[in-house]
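Structural overview
Spelled out, the chains give:
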Amino acid sequence: MGKGFYISKPVAIACVVIAIAAVSTIIALSVVYAQEKSKSEVIPTPDPSNPPSTTPSVPKEPWQHYRLPDSLLPVSYNVTLQPWLVPDADGLYIFKGQSTVVFRCVKETDLILIHSNKLNFTFFGKYHAELRGLNGAAAPPMTNSWLEVPTQYLVIQLSSMLKAESMYELYTEFVGELADDLGGFYRSEYTEDGVKKVLATTQMQPTDARKAFPCFDEPAMKAVFHLTLIHPHGTVALSNSLNYEGQNLTQTSFRPTEVMSSYLLAFVVCEFDYISSVSDTGVLIRIWARRKAIAEGQGNYALNKTGPILSFFEDYYDIPYPLNKSDQIALPDFSAGAMENWGLITYRETALLYNPSVSSNGDKEWVLTVIAHELAHMWFGNLVTTRWWNDLWLNEGFATYVSYLGANYGEPTWNLKDLIVINEITGVMNVDALASSHPLSTKEEEIQRPEQITALFDSITYSKGAAVLRMLSEFITEEVFTKGLHSYLDEHKYSNTVYKDLWEHLQMAVDAAGINLPESVEVIMNRWILQMGFPVVTINTQTGTVTQKHFLLDPDSPVDRPSPFNYEWIVPITWMKSSSAPEKQYWLVEKEGSNPEMINGANEWLVANINMKGFYRVNYDSENWERLLTKDVPVINRAQIIDDAFNLARAKIVNITLALRTTTFLNKEVEYMPWEMALSNLGYFYLMFDRSEVYGAMQAYLKKQVTPLFEHFKDITANWTKIPENHTDQYNQVNAISTACISEVKGCKEPHHWIPANLRSTVYCNAIKAGGVEEWDFAWSMYKNATIAAEAEKLMSALSCTTQPWLLNRYLKYSLDPEKIRKQDASYTIVSIASNPIGQPLAWDFIRANWDRIYNEYGGGGMSFGGLISGVTSKTNMLKQLGSATASLEQWVDENKQVVFDWFLSETSPSL
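Because the structure is a prediction, the values reported are computed rather than measured. (Residues numbered from 1 in each chain as written. Predicted model: local features only at pLDDT ≥ 70, side-chain atom pairs only at ≥ 80, totals over all residues. Heavy atoms only, no water.)

Regarding the overall build of the protein
Counted only if it meets this: Secondary structure counts use DSSP, requiring at least four H or I residues in a row for a helix and at least two E residues in a row for a strand, with both numbered from the N terminus. Note on classification: 1.4 Å probe, protein chains only; a residue is buried when its accessible area is under 20% of the maximum for its type, exposed when over 50%, partly exposed between these limits. Per-residue and other accessible areas follow the Shrake-Rupley method at a 1.4 Å probe size, with only the shown protein chains counted as cover for residues.
When its secondary structure is counted, the protein shows 29 helices and 28 strands. The buried share of the protein, reckoned over its 912 residues, is 62%. Counting only carbon and sulfur atoms, one obtains 50% of the accessible surface of the protein, whose full area is about 33,700 Å².

Comments concerning the sheet that holds strand E15 (residues 273-278)
Cut-off, in case you're wondering: By the convention used here, strands pair only if DSSP detects at least 2 bridges between them. Only heavy atoms enter the contact rule, under which two residues are in contact if any of them lie within 4.5 Å. The axes are straight lines fitted to the C-alpha atoms, using for helices just the contacting stretch, and the angles between their N-to-C directions are given from 0 to 180°.
If you walk across this open sheet you meet the five strands as E15-E16-E17-E19-E18, and the pairing is mixed. Among the strands making up the open sheet, the edge pair consists of E15 and strand E18 (338-339). Inspection of the sheet shows E15 paired to strand E16 (residues 284-289) by six bridges, in the antiparallel sense. Considered in E16, the bridge of Asp273 is made with Ala289. Set on the sheet, helix H6 (residues 361-377) makes contact with strand E17 (325-331), E18 and strand E19 (344-348); between it and E19 the angle comes to about 150°.

A word on the confidence of the model for the protein
Spelled out, the test is: Per-residue confidence from the predictor is given as pLDDT, running between 0 and 100.
On average, residues of the protein carry a pLDDT of 89, and 89% of them reach 70 or more. When the criterion is pLDDT under 50, residues 4-56 qualifies, and its contacts beyond four places in sequence or with other chains add up to 133 contacts.

Examining the state of the cysteines
Selection criterion: Any two cysteine sulfur atoms lying within 2.5 Å of each other are counted as a disulfide.
Summed over all chains, the structure comprises two disulfides. Between the sulfur of Cys741 and that of Cys748 lies a disulfide, 1.8 Å long from S to S. Since a negative S-S torsion denotes a left-handed disulfide, the Cys741-Cys748 link at about -75° is left-handed. With respect to burial, Cys741 and Cys748 carry one shared label: buried.

Digging into the packing of aromatic side chains
What counts here: Any pair of Phe, Tyr and Trp rings, taking the six-membered ring for Trp, is counted once the centres come within 6.5 Å. Such a pair is stacked with planes under 30 degrees apart, edge-to-face with planes over 60 apart, and tilted for the rest.
Tallying each qualifying case throughout the model produces 53 aromatic pairs. Taken together, a centroid distance of 6.3 Å and an interplanar angle of 80° make the contact between Trp780 and Tyr811 edge-to-face. Of this pair, Trp780 sits in helix H21 (residues 773-785) while Tyr811 sits in helix H23 (residues 805-815); the two residues are 31 residues apart in sequence, bridging distant segments of the chain. Across this residue pair, the class does not change: Trp780 and Tyr811 are buried. Within the aromatic cluster, the residues linked to one another by ring pairs are Phe312, Phe313, Tyr316, Tyr317, Tyr321, Trp379, Phe380, Phe398, Tyr401, Tyr409, Phe481 and Tyr488.

So, the pairing of strand E1 (residues 72-83)
One ladder, built from eleven bridges, connects E1 with strand E2 (residues 94-105); its direction is antiparallel. For Thr80, the partnering residue across the bridge sits in E2 and is Gln98. Judged from the six bridges that link them, E1 and strand E11 (residues 224-230) form a sheet pairing that is parallel. Opposite Val79, over in E11, you have Leu227 as the bridge partner.

Regarding the packing of helix H20 (residues 760-770) against helix H22 (residues 789-798)
Our working rule: Each crossing gets its handedness from the near helix: less than a right angle anticlockwise from the far helix is left-handed, clockwise is right-handed. Amino acids outside the nonpolar list (Ala, Val, Leu, Ile, Met, Phe, Trp, Tyr, Cys, Pro) and the charged list (Asp, Glu, Lys, Arg) are all regarded as polar, and Gly is one of them.
Axis separation between H20 and H22 bottoms out at 9 Å; the angle between their running directions is 35°. The element H20 and its partner H22 pack so that their crossing is right-handed. Across from Arg760, Ser761, Tyr764, Cys765 and Ile768 in H20, the residues of H22 making contact are Glu791, Lys794, Leu795 and Ala798. Residues that form the contact of H20 with H22 fall into these classes: five nonpolar, one polar and three charged.

Things to note about the sheet that holds strand E24 (residues 571-576)
Within a sheet, neighbouring strands are paired by backbone hydrogen bonds and run either parallel or antiparallel to one another. Strand order in this open sheet of three strands is E25-E24-E27, and the pairing throughout is antiparallel. Bordering the open sheet on either side are strand E25 (584-588) and strand E27 (607-608), each of which pairs with just one other strand. Here E24 pairs with E25 via five bridges, running antiparallel. Within the sheet, the bridge partner assigned to Ile573 lies in E25 and is Tyr586.

Points about the pattern of salt bridges
Our working definition: Each reported salt bridge corresponds to a side-chain nitrogen of Lys or Arg within 4 Å of a carboxyl oxygen of Asp or Glu.
Tallied over the full model, the rule gives 40 salt bridges. With its nearest N and O atoms 3.1 Å apart, the salt bridge here joins Glu271 to Lys197. Here Lys197 lies in strand E10 (residues 195-203) and Glu271 lies in the loop between strand E14 (267-270) and E15, a separation of 74 residues in the sequence. For Lys197, a relative accessible area of 17% translates into the label buried. Where Asp632 meets Arg638, a salt bridge forms, and the shortest distance between an N and an O atom there is 3.5 Å. Owing to a relative accessible area of 57%, Asp632 belongs among the exposed residues under this scheme. On the accessibility criterion, Arg638 (15% relative accessible area) is buried. Through salt bridges with shared partners, a single ionic network connects Arg67, Glu218, Arg387 and Glu444.

Quick notes on the nonpolar core
Worth spelling out the cut-off: Throughout this description, the term nonpolar core refers to a set of buried Ala, Val, Leu, Ile, Met, Phe, Trp, Tyr and Cys residues connected via side-chain atoms within 4.5 Å.
Judged by nonpolar contacts, the single largest core of 254 residues is most densely connected at Tyr316, Tyr317, Trp503 and Ile573. It is helix H17 (residues 672-689) that contributes the most residues to this core, 13 residues altogether. With near-sequence residues (within four places) excluded, Tyr317 lies in contact with Ala376, Trp379, Phe380, Phe398, Val402, His486 and Leu489. In terms of nonpolar packing, the next biggest core, distinct from the first, is built from 30 residues, Ala792, Leu795, Ala826 and Ile847 among them.

Observations regarding the pairing of E10
For E10, a buried count of seven out of nine residues is recorded, marking the element as mostly surrounded by other parts of the structure. As judged from the nine bridges shared by strand E9 (residues 184-192) and E10, these two strands associate in the antiparallel manner. Among the inter-strand pairings, Glu192 is bridged to a residue of E10, identified as Val195. Two successive antiparallel strands, E9 and E10, enclose a turn made up of two residues, where Asp193 displays a positive phi of approximately 55°.

Re helix H18 (residues 694-716)
To keep things clear, this is the line we draw: The length a helix should cover is 1.5 Å for every residue beyond the first. Take the seven residues that end at a residue and the seven that start at it, fit an axis to each, and the angle between those axes is the bend at that residue.
Along its 23 residues, H18 runs 34 Å from first to last C-alpha, staying within 8% of the 33 Å computed at 1.5 Å per residue. In the structure, H18 departs most strongly from a straight axis at Val706, where the bend amounts to approximately 35° and where the proline Pro708 lies between one and four residues downstream. Buried residues of H18: Val694, Ala697, Met698, Gln699, Tyr701, Leu702, Gln705, Val706, Leu709, Phe710 and Phe713, and no others. Remark: Ala718 follows H18 within two positions and exhibits a positive phi of approximately 50°.

Some remarks on unusual backbone geometry
Here the bond from Gln205 into Pro206 is cis, since omega is 0°, no more than 30 degrees from zero. Tracing the sequence through the fold places Pro206 in the loop between E10 and E11. Of note in the backbone geometry, Leu182 takes a positive phi value of approximately 65° without being a glycine. Its location among the elements puts Leu182 in the loop between strand E8 (167-177) and E9. A relative accessible area of 2% places Leu182 in the buried class.

A closer look at the side chain of Lys325
The condition that has to hold: Whenever a nitrogen or oxygen atom comes within 3.5 Å of another N or O atom, the pair is scored as a polar contact, on the condition that within protein one atom can donate a hydrogen and the other can accept it, and that pairs from neighbouring residues in sequence are kept only if both atoms are in side chains.
With respect to the secondary-structure elements, Lys325 resides in strand E17. Of note is the side chain of Lys325, whose polar atom sits 2.6 Å from the backbone oxygen of Ser239. There is a polar contact of 3.1 Å between the side chain of Lys325 and the backbone oxygen of Gly343. Other than its neighbours up to four places away in sequence, Lys325 contacts Ser239, Asn240, Ser241, Leu242, Val283, Leu284, Gly343 and Leu344.

Right, here's the structure in full:
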């Protein structure tokens, strides 16, 4: 699944104007999040329609456990559902259903537990279901049945035992609400040609299939699904598999699915249109969306890229695509970015639709990488599924990593494999450098409840998972990595695994290739997945000594989580001594090591972690730092040196002026990655010093550094009349203009009649920032009438740029009104407002005042609490709210304020 909460890459890049001044202070984010997360478990008002939980702290009965017993295994489901796309007499949208699940008894039991949530059952006599024996087996009579609301079970007690190895079927009839909560079987609404349209769609992952029909709703409970949808005239029904031909126009039955987990089931009833093609291997590819979006060609880019990316993954895994069709559908309301339902992938509109006239190159990249991410899951996650959610990192981390490979194949001139460093790795290193981080993999028993599962969908799971798998692929080579993947997928297809199964197959591939590692794949990788954090590697080029230490942004923060490895890693260190010298590798297997080859000669310099292949930071002796500041190192490492130095300075490992000096070359730099990294890190300084005399000196320095970049892009675009040809140049053009406008470079705000799509966010934001209510209302009208999701997203973000508090407060109120802001966009809107320094305290107060409502009405799928809390927490809020937790932060500001001010002043004062 695509990440639950994020501001997509295109919007993140385009909104540098507001983001530079509002980068969150990562040191304390986790503290606030932990506080709010704990509140979220006790503050919400209980649903009066459900009885209070009677589940004791130590469960005694089977139905008081959140995990299913191992006595029953599903074989197949036969489900018929009928959604009503108009409200009933009570104003509710509902669906009716009936389900027959065939299951095998593995161990004798007189108890049936099957998941069910928010379903109202038809009674058969005194009971919620009917049980029948198959193949001559006798079905014991029921003695009791009830809904165990806290653990979300339908519980059925029997008068005698179900027999081991016998087959049975359980029949139920039920009604559910087709709510707008973005989970299970839910409704989405949109307007087309002035007419309100309603569609029914699904989002099952991780634990919401049970909201659509009773099921054994765990990943290891794979089964075949037979589905029939009864739907209104004029609508089309879609599901994971193709429908049978010749069905009644209002009843569509689908061919059986492959054996799969319940969370991968999907179905949609809508009035959409589609475009289609057939891949080279005969796979039917269809892109579904609103009729107007299809007519405008917004699905063409996705259709053109899906076939090649599917072919790439068939070659990469060396296994044919397991299905005969790939439907992809863009939904107006969807909580995540996308969902890898097998054969019917669901997307937000911004993640599948692209209109070249108004969509930026970042929008285009987002569509490409999300498609690649979801298609990667068709094998890794769907064909082979991890046994339980504690290994979610393997599923999502892997898809995130290889999505860059698939996208790179789709657009080979974009150099996307390098952008994983900016898009995924550096950001998650800041999160993982907190004492409150968590390991990638945990024990199964630690992840039980649905809310614990949902909490796993975070940046550690996706981005750190991708980073460590990328590192593994690099040190065993991609060829060996893919051979191990093939054997892993081939052996475990249509079944479930744990992470050790992958290590086993990769080890076999390593052994077959004769690759020499200091330890086994499992021993090396367990250090990276079973303990949180990562090391800072310090290389002394005078002595050749190499050491490692757990890196923490706040070195004084206590680490309460124990580590089985004492926070030491087996580190693959890649390094080189000049831009033309060959790359070498050294393994640091203990806390300290020595490598004489790393001793510098008189005119030599050394840079380590080439292209940031490894998940660690690098520090050097002072002499090597001085040499690196004057040398032309590879572009990714130029970005890495900036990021490492700033983070080492925040951790009090190096002097703050060293970090600032890594930016002095920027007035000669035109590449995107170093500039993006510098702006990201300088944003922390903007946040820390925005109300002091440092701010003016910092502005002057930034103006001096960005002016040559601004002029460079003015030249290569013929005075802004052309779009740069290079993909990352288009990103850096946005950086140049945004930063130039912030620092008041001459010519930045000159009016132009033509606004390229890449610059619309910047222009919109500056216009609203400089205007008043008239400009805001005009932009709001544009947003409400936008028919292209990418354009609506740009306007939605720009509306938060106003400097008038009352408009920001009004916008905050709009964010919780589904008639004005879709539920899927509520978090995004609030965080965008918090990105505005004026909006930071307003957003924080708004969340606290509306916490009950946010939790109860948006907690099911429309809101990510981790992203929300992190996004609205500013320096000011943290200083007021966290007290002693920010003592080190305040100390850092006090210690560095004068030094930073003097440095900026010295860099901008005229030479005498």
